[in-house]
2 protein chains.
Amino acid sequence: MTTTTPGPSASRTARDRARLELTEEIKAVGRRHLAEHGASGLSLRAVAREVGMVSSAVYRYFPSRDDLLTALIIDAYDAVGECAEAADAAARDRGVAVRWLNVCEAIRSWALVNAHEYALIYGSPVPGYAAPEATIGPASRVPLVLLRLLADGVTSGEVVAGDTPPMSRVVRSDLALLRRTAAPSVPDAVLSRAFGVWAQLLGTINLEMFGHLHNTIHDYDAFFTLQMRRASEFLVQAG
Amino acid sequence: MTTTTPGPSASRTARDRARLELTEEIKAVGRRHLAEHGASGLSLRAVAREVGMVSSAVYRYFPSRDDLLTALIIDAYDAVGECAEAADAAARDRGVAVRWLNVCEAIRSWALVNAHEYALIYGSPVPGYAAPEATIGPASRVPLVLLRLLADGVTSGEVVAGDTPPMSRVVRSDLALLRRTAAPSVPDAVLSRAFGVWAQLLGTINLEMFGHLHNTIHDYDAFFTLQMRRASEFLVQAG
DNA sequence: GGTTGTCAAGAGCAGTGCTCTCGAAACTTG
DNA sequence: CAAGTTTCGAGAGCACTGCTCTTGACAACC
């Protein structure tokens, strides 16, 4: 078999294939450990044990524990991003407010199922950890859904600009850059509201998931929907 | 000296005093280590080394590392709570919106200075950690500031109820309990908005502190003020 | 004075991230 | 095909962690 490989075309040698497979297996086991014991409970030695090799061998694939964690963080961003994109697409023919509400519910559902991965990307970062460049792409997927949605709403006339609050020159240029990059013709007032709604989404999920609503709110589902419905109405129409 | 102690009235013996002092010293060193290396970098052994005793001796004062962490968490809640109360008191003669804006700015400032402690209480909880009963009191101080402020605004007529959004029976009873406990005569519509504003405050600080605005927002101060100003206007007047 | 309770210290266990070396296997090149 | 090179897994080892148990000394009480 290996003697008749089609040459250096597809992932080259058997060794390269084995390397890719093992990298994936390590990541898979790591993801399971992460889901079960949390980020700080992710032990390279334990993962190695389960994969069936000695700990030092894992370092051939991930140069440090943090690098394994980074790979899992990227996967998590991609998972929640794909989730948000799917939720938006599923309601593409509805109004902007409904689409955003759908995205909110999808993100929360994902967070509830993958609690530790959510905490990993939207909770406090691990202590000495600085997010490498490779994460910013996947991390942008969810915000991009929101921006695309707003751009649609502006062209369709669904989103009302309303009064533009006074803002500093620097903030105005930040918003201008954002508009140029990802949200053509979305006015500053709407972009500013979008940040508020985005912060409120993450804040509400955090309140629930990190226990700050304990003994206060009991019907989490209804509470979240209530909050996000108000927020998405606020998003499309200035108060 | 110790022979003429006034008897078993004030903290009894010299040993008890030494115990209290050492407990405080351990906590102080722990707080410094926490601020410097983060929660997961809080090493009981390192703290012991710096206090000048062997690690096992520390266990006489805190039965486990998590117990030391709990003590620090309570202190952090108290610190930010006191900070919020002071900010509210400093603007007591201003309007409700200004008072809340003041509280928001104060909490953010505290978070920027005490980043790791903020992450400890408002970021993702440490993995296996379940907040013990003793934390719920101090944790309530900031929300109580918001609720008291709203109660003031309702009696003074500053806060407009607006339309009450439809909500489930359970959520209504949650809000009723909250009203009975800490915010007399604040209507459901206002309480519901308060959760939104509270979530938005924490969400905005989290976005900034956990790096999600990197390369997007550059003037963090102005951005935060912009967002919170809108939020506090929204709080007092229904959209 | 003798008893009792408290305390710091030390040794030790099981676990961690990470580094280094070594031999064997797989691949590349002459 | 054979020699040389790269890659890989295994093992030992270092410095560290949280935590437990035992030992000996000191202070507090009867």
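Residues numbered from 1 in each chain as written. Chains lettered and ligands numbered in written order. Predicted model: local features only at pLDDT ≥ 70, side-chain atom pairs only at ≥ 80, totals over all residues. Heavy atoms only, no water.

## A look at the environment of B:Val142
Residue and element names in this part refer to chain B.
Here's step 1: One can find valine 142 in helix 8 (residues 141-156).
Here's step 2: Put simply, valine 142 and alanine 194 are 52 residues apart on the chain and 12 Å apart in space, counted from C-alpha to C-alpha.
Here's step 3: Beyond its immediate chain neighbours, meaning those up to four positions away, valine 142 contacts Val80, Gly81, Ala84, Ile107, Tyr122 and Trp198. (Helix = DSSP H or I, 4+ residues; strand = E, 2+ residues; numbered from the N terminus. Contact = heavy atoms within 4.5 Å.)

## Things to note about the relation of the copies chain B and chain A
Here two copies of a chain appear, and what relates them is a rotation about an axis with a shift along it.
Here's step 1: Between chain B and chain A, the superposition needs a rotation of 180° and an axial shift of 0.0 Å, giving an RMSD of 0.1 Å. Put plainly, the chains are arranged around a two-fold axis.
Here's step 2: The share of interface residues of chain B whose copies in chain A are also at the interface is 100%, consistent with both copies meeting through the same surface. (Least-squares fit on C-alpha atoms with pLDDT ≥ 70 in both.)

## Digging into the protein's contact with DNA strand C
Here's step 1: Around DNA strand C, the surrounding shell holds 25 residues, and the nearest of these are A:Leu44, A:Arg45, A:Arg65, B:Arg60 and B:Tyr61.
Here's step 2: The sugar and phosphate moieties of DNA strand C supply 51% of its atoms located within 4 Å of the protein.
Here's step 3: In the environment of DNA strand C, a phosphate oxygen lies 3.4 Å from a nitrogen or oxygen atom belonging to the backbone of A:Ala14.
Here's step 4: At 2.7 Å, a side-chain N or O of B:Arg60 approaches a base nitrogen of DNA strand C.
Here's step 5: Listing elements by their share of the surface near DNA strand C, those giving two or more residues are helix 1 (14-37), helix 2 (44-51) and helix 3 (55-58) of chain A together with helix 1 (14-37) and helix 3 (55-58) of chain B.
Here's step 6: Among the elements that make up the surface near DNA strand C, the one with the highest residue count is helix 2 of chain A (four residues).
Here's step 7: When grouped by side-chain class, the residues that make up the surface near DNA strand C number ten nonpolar, six polar and nine charged. (Near = heavy atom within 4 Å. Polar contact = N/O pair within 3.5 Å; in protein donor to acceptor, adjacent residues only side chain to side chain. Nonpolar A, V, L, I, M, F, W, Y, C, P; charged D, E, K, R; others polar.)

## Here we look at the packing of aromatic side chains
Here's step 1: All told, the structure shown has nine aromatic pairs over all chains when counted by the stated rule.
Here's step 2: Taking the centre distance of 5.3 Å and the plane angle of 50° together, the rings of A:Tyr118 and A:Tyr122 count as tilted. Of the two residues, A:Tyr118 and A:Tyr122 are both situated in helix 6 (residues 115-122); the distance of four residues between them amounts to about one turn of the helix. Grouping residues by exposure puts A:Tyr118 and A:Tyr122 together as buried.
Here's step 3: Taken together, a centroid distance of 5.0 Å and an interplanar angle of 80° make the contact between A:Phe195 and B:Phe223 edge-to-face. (Phe/Tyr/Trp six-rings, centres within 6.5 Å; stacked < 30°, edge-to-face > 60°. Buried < 20%, exposed > 50% of the residue type's maximum accessible area, 1.4 Å probe, protein only.)

## Observations concerning the domain arrangement of chain A
Residue and element names in this part refer to chain A.
Here's step 1: In terms of domain boundaries, chain A breaks down into domain 1 (12-63) and domain 2 (72-236).
Here's step 2: A straight line from the C-alpha centre of domain 1 to that of domain 2 covers 32 Å.
Here's step 3: At the junction of the two partners, domain 1 supplies ten residues and domain 2 supplies five residues.
Here's step 4: In this assembly, domain 1 packs against domain 2 so that about 670 Å² is buried in total across both faces, 70% of it on carbon and sulfur atoms.
Here's step 5: It is Lys27, Arg31 and Leu34 in domain 1 that bury the most area against domain 2; as a group they hold 61% of the surface buried on that side.
Here's step 6: There are two salt bridges connecting domain 1 and domain 2.
Here's step 7: The closest approach of N and O atoms between aspartate 75 and lysine 27, which form a salt bridge, is 3.4 Å.
Here's step 8: Here domain 1 and domain 2 share four residue pairs in polar contact (both at pLDDT 80 or more) between them.
Here's step 9: When the residues that make up the side of domain 1 that touches domain 2 are grouped by side-chain class, the tally is four nonpolar, three polar and three charged. (Domains from an automatic or database assignment. Buried area = accessible area lost by both parts, 1.4 Å probe. Salt bridge = Lys/Arg side-chain N within 4 Å of Asp/Glu carboxyl O.)

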